[in-house]
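# Structural overview for review
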Amino acid sequence: MNVKVLGISTSPRQNSNSDLLLCQALAGAESAGAEIEYIRLRDLDIAPCIECNSCYKRGACVVEDDYQMLSSKMLEADRLIFATPIFFMTVCAQAKALIDRCQCLWAHKYVLKKPLITTGRDRRAMVIAVGGTKSKKMFDSIRLTAKYFLDVLEMNYAANLFVNKIDDPGRIKQHPSAMNEAFRLGRELAATDVPPPEKPVSVELV
Ligand SMILES: Cc1cc2nc3c(=O)[nH]c(=O)nc-3n(C[C@H](O)[C@H](O)[C@H](O)COP(=O)(O)O)c2cc1C
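Attention here is on the structure that accompanies the text. Not measured: the values here are computed from a predicted model.

Right, let's get into the overall build of the chain. When you go through the chain residue by residue, the secondary structure sums to 7 helices and 6 strands. Secondary structure elements of the chain, listed N to C terminal, follow the sequence β-α-β-α-α-β-α-α-β-α-β-α-β. Whereas a compact globule of 206 residues would reach a radius of gyration of roughly 17 Å, the chain reaches 16 Å, a difference of no more than 12%. Oriented by its inertia axes, the alpha-carbon framework of the chain measures out at about 50 × 40 × 30 Å. Across the 206 residues in the chain, those meeting the buried criterion constitute 48%. In the chain, once contacts between residues fewer than 6 apart in sequence are set aside, the share between residues at least 24 apart is 82%. As presented, the chain carries roughly 10400 Å² of accessible surface, and 53% of it is formed by carbon and sulfur atoms. The average position of the 27 basic charges and that of the 24 acidic charges among the side chains of the chain differ by 4 Å.

Attention now goes to the pairing of strand 3 (residues 79-85). Remark: a regular strand shows side chains that alternate across the two faces of the sheet. By the criterion of burial, strand 3 is predominantly enclosed, with 7 of the 7 residues buried. Going residue by residue along strand 3, you find R79, I81, A83 and P85 tucked away on one face and L80, F82 and T84 tucked away on the opposite face as well. Where strand 1 (residues 4-9) meets strand 3, 5 bridges bridge the pair, whose relative direction is parallel. The partner of I8 across the bridge, within strand 3, is F82.

Take the side chain of R101 next. Looking at where R101 falls in the secondary structure, it is placed in helix 4 (residues 93-101). With residues up to four places along the chain from it excluded, the contact list for R101 reads I46, A47, P48, C49, C61, V63, D65, Y67 and Q68.

Next up on the list: the pattern of salt bridges. If the charged atoms of two oppositely charged side chains come close together, the side chains can form a pair. A full pass over the atoms with the stated rule returns 12 salt bridges. Taking the shortest distance from any N to any O, the salt bridge between D43 and R40 comes out at 3.0 Å. Note that K109 is salt-bridged to E154, the shortest N-O span being 3.3 Å. In this pair, K109 is assigned in helix 5 (residues 103-111) and E154 in the loop between helix 6 (140-152) and strand 5 (156-163), connecting sequence segments 45 residues apart. Judged by relative accessible area, which is 13%, K109 ranks as buried. For E154, a relative accessible area of 32% translates into the label partly exposed. Salt bridges sharing partners connect three or more residues here, namely R79, D122 and R124.

As a further point, take a nonpolar patch on the surface. Judged by side-chain polarity, W106, Y110 and V111 come together as a nonpolar surface patch covering roughly 240 Å² of accessible area. Locating V111 in the fold gives a position in helix 5. On the basis of relative accessible area, V111 is assigned to the partly exposed category, the value being 33%.

What follows is about the site of the ligand. Among the 17 residues in the neighbourhood of the ligand, the closest are listed as S11, S18, T133, I166 and D167. In this structure, V130 approaches the ligand through a main-chain N or O atom, which is 3.4 Å from an oxygen atom. Residue T133 places a side-chain N or O atom 2.6 Å away from an oxygen atom belonging to the ligand. When the ligand is considered free in solution it has 650 Å² of accessible area, and contact with the protein chains removes 77% of it.

A complete count under the given rule lists 4 aromatic pairs for this structure. Three or more aromatic residues joined by ring pairs make a cluster, and in this case those are Y56, W106 and Y110. Taking NZ or CZ as reference, K147 lies 4.9 Å from the ring centre of Y148, over its face.

Cut-offs used in this document
Residues numbered from 1 in each chain as written. Predicted model: local features only at pLDDT ≥ 70, side-chain atom pairs only at ≥ 80, totals over all residues. Heavy atoms only, no water. Helix = DSSP H or I, 4+ residues; strand = E, 2+ residues; numbered from the N terminus. Rg over C-alpha atoms; globule rule 2.2 N^0.38 Å. Buried < 20%, exposed > 50% of the residue type's maximum accessible area, 1.4 Å probe, protein only. Contact = heavy atoms within 4.5 Å. Areas by Shrake-Rupley, 256 points an atom, 1.4 Å probe, with all protein chains shown as cover. Lys, Arg positive; Asp, Glu negative; His and termini not counted. Charge placed at Lys NZ, Arg CZ, Asp CG, Glu CD. Pairing = 2+ DSSP bridges. Salt bridge = Lys/Arg side-chain N within 4 Å of Asp/Glu carboxyl O. Patch = residues over 30% accessible without salt bridge, like charges linked within 9 Å, V, L, I, M, F, W, Y side chains within 5 Å. Near = heavy atom within 4 Å. Polar contact = N/O pair within 3.5 Å; in protein donor to acceptor, adjacent residues only side chain to side chain. Phe/Tyr/Trp six-rings, centres within 6.5 Å; stacked < 30°, edge-to-face > 60°. Lys NZ or Arg CZ within 6 Å of the ring centre and 35° of its normal.

Geometric descriptors of this kind do not, in isolation, establish any biological role.
Right, dumping it as structure tokens:
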């Protein structure tokens, strides 16, 4: 069976740099024989978590929108590629809304102590982030948020592609090494013949 790779693009704008890298990574995964699916959050309706804590009893979210569909896809996928712009040193609001809605998965696992994923599945994820300026701490917040998000999803945090000093829309197309790395990391992510890494492989480019 083909590895299923889900790409989630969270940038709100057209010609987004993180989105262009995501498409390259998906092309890389496809070149390795994976079945790919691409979803743009700006086409969906995903409200923020309202912290009603109903999920502590139900194990599911009471807010009904596109989250339910996307959550099923995230749980079904073998691989996830999550792409975000850097907004105020962290993920954009659209990405954060999706991450926060996964609180119901956390409740399902840790409050209700029910299994989420069939044991033994090889699930891995890669994070792509692009920021406009250069700062040593630019990706610190993303790393931590992604670690906890992927833990809830029961995915091995396999790789990061972080690029800074890319601001104008579409500018990443003039950065061939970032585009090539996205393709390579996407291809590697789809592989099944190598064990998942213990720590995320991190590629950081200026
Ligand atoms: C609301 C907002 C906040 C931003 N915050 C940062 C920031 O904290 N650090 C930074 O380097 N760039 C920041 N940027 C610039 C974006 O990260 C940059 O333009 C990036 O290329 C956007 O990626 P995208 O094209 O995938 O949306 C910000 C942009 C916006 C609109």
